[in-house]
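The residues making up each chain are set out below.
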Amino acid sequence: MNTFRFLAAATLCLTAAGCFSPHTVATRHFILEPVPATNTASTGLRLGVGVVRMPDYLMSSSLAVRKSAGEVGYLDTAMWAERLDSGFARVLAADLSAMIPTDQVRLGAWRAEDVALEVHVTVEQFDVDQSGKGTLVAWWRITAPGGSKLLKSGEVRLTKAGKSPGSDPQNIAATLSDLAAELSSTLATAVRDVAPHQGEAKN
């Protein structure tokens, strides 16, 4: 009877409390970071940033690491603190606000009369491999309000060397934030190119 009680207690300890483990690994949560804001005066350009479309493999809450062209792994103890498509749109809006610059950026839904230009992005690949190299493949377009007219569009295929995610998963978020900033720079240039034809908001 005493032996049975000991085995039952040991099983409960292992499954519920993990008391025979020397330590437990805490789950960490990360977000993409925008570029630093500038003190440059706003152009007042009214810009709408649409919902960013991403492939299903990036919609996991765990951070993805590409093992090969056809295989992706996920880190058990490193999670996104927000949906990656939402975080990407948030950072894109903040980066464009700093780079154009403008303090009139809207996310999500808006009325056509609320913006002068719209930016839409579709992502095909946005991840880091085991060596730390990040890749961003995306298509973008800039339209008149309501998508009534395509003003400019393009494709980006960006890569960036980074630190290995094996040493610290925060390296993934840092490399991907840098890639998002590179895309934002391309978009900011394109927006400035077409903005004079659409007018800028008046304060």
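What comes next concerns the included structure.

Calculation notes
- Residues numbered from 1 in each chain as written.
- Predicted model: local features only at pLDDT ≥ 70, side-chain atom pairs only at ≥ 80, totals over all residues.
- Heavy atoms only, no water.
- Core = buried A, V, L, I, M, F, W, Y, C linked by side-chain atoms within 4.5 Å.
- Buried < 20%, exposed > 50% of the residue type's maximum accessible area, 1.4 Å probe, protein only.
- Helix = DSSP H or I, 4+ residues; strand = E, 2+ residues; numbered from the N terminus.
- Contact = heavy atoms within 4.5 Å.
- Phe/Tyr/Trp six-rings, centres within 6.5 Å; stacked < 30°, edge-to-face > 60°.
- Salt bridge = Lys/Arg side-chain N within 4 Å of Asp/Glu carboxyl O.

### A word on the nonpolar core
And then number 1: Judged by nonpolar contacts, the single largest core of 45 residues is most densely connected at Phe-88, Leu-96, Val-121, Val-123, Phe-126, Leu-136 and Leu-183.
And then number 2: Secondary structure elements with two or more residues in this core: strand E2 (46–49), strand E3 (62–68), strand E4 (71–80), helix H2 (84–99), strand E6 (117–129), strand E7 (134–143), strand E8 (150–160) and helix H3 (170–198).
And then number 3: If you tally residues by element for this core, the top one is H3, at twelve residues.
And then number 4: Excluding residues that lie within four positions of it along the chain, Val-123 makes contacts with Val-52, Arg-53, Met-54, Pro-55, Leu-58, Phe-88, Leu-136, Val-137 and Ala-138.

### Things to note about the environment of Ala-81
And then number 1: Relative to the helices and strands, Ala-81 is located in the loop between E4 and H2.
And then number 2: The contacts of Ala-81, once residues within four sequence positions are left out, are His-29, Phe-30 and Ile-31.

### Observations concerning the packing of aromatic side chains
One pair of aromatic rings is described through two measures. These are the centre distance and the angle between the planes.
And then number 1: What the rule picks out here adds up to one aromatic pair.
And then number 2: Ring centres 5.1 Å apart and planes at 85° place the aromatic pair Phe-88 and Phe-126 in the edge-to-face group. Taken together, the positions of Phe-88 in helix H2 and Phe-126 in strand E6 put the pair 38 residues apart, joining distant regions of the chain.
And then number 3: When its relative accessible area of 1% is taken as the criterion, Phe-88 is described as buried.

### A few points about the pattern of salt bridges
And then number 1: A complete count under the given rule lists eight salt bridges for this structure.
And then number 2: For Asp-168, the salt bridge identified is with Arg-28, shortest N-O distance 2.9 Å. On the criterion of sequence distance, the pair formed by Asp-168 in the loop between E8 and H3 and Arg-28 in strand E1 (residues 28–30) is long-range, its members being 140 residues apart.
And then number 3: Classification of Asp-168 by relative accessible area gives partly exposed; the value is 23%.
And then number 4: Among the residues examined, Arg-28 registers a relative accessible area of 34% and is labelled partly exposed.
And then number 5: Linking Arg-66 and Asp-127 is a salt bridge whose minimum nitrogen-to-oxygen distance equals 2.9 Å. Separated by 61 residues along the polypeptide, Arg-66 in strand E3 and Asp-127 in strand E6 bring together distant segments of the chain. Judged on exposure class, the residue Arg-66 and its partner Asp-127 are both buried.
And then number 6: Each of Arg-111, Glu-113 and Asp-114 takes part in salt bridges that share partners, so that together they form one network.

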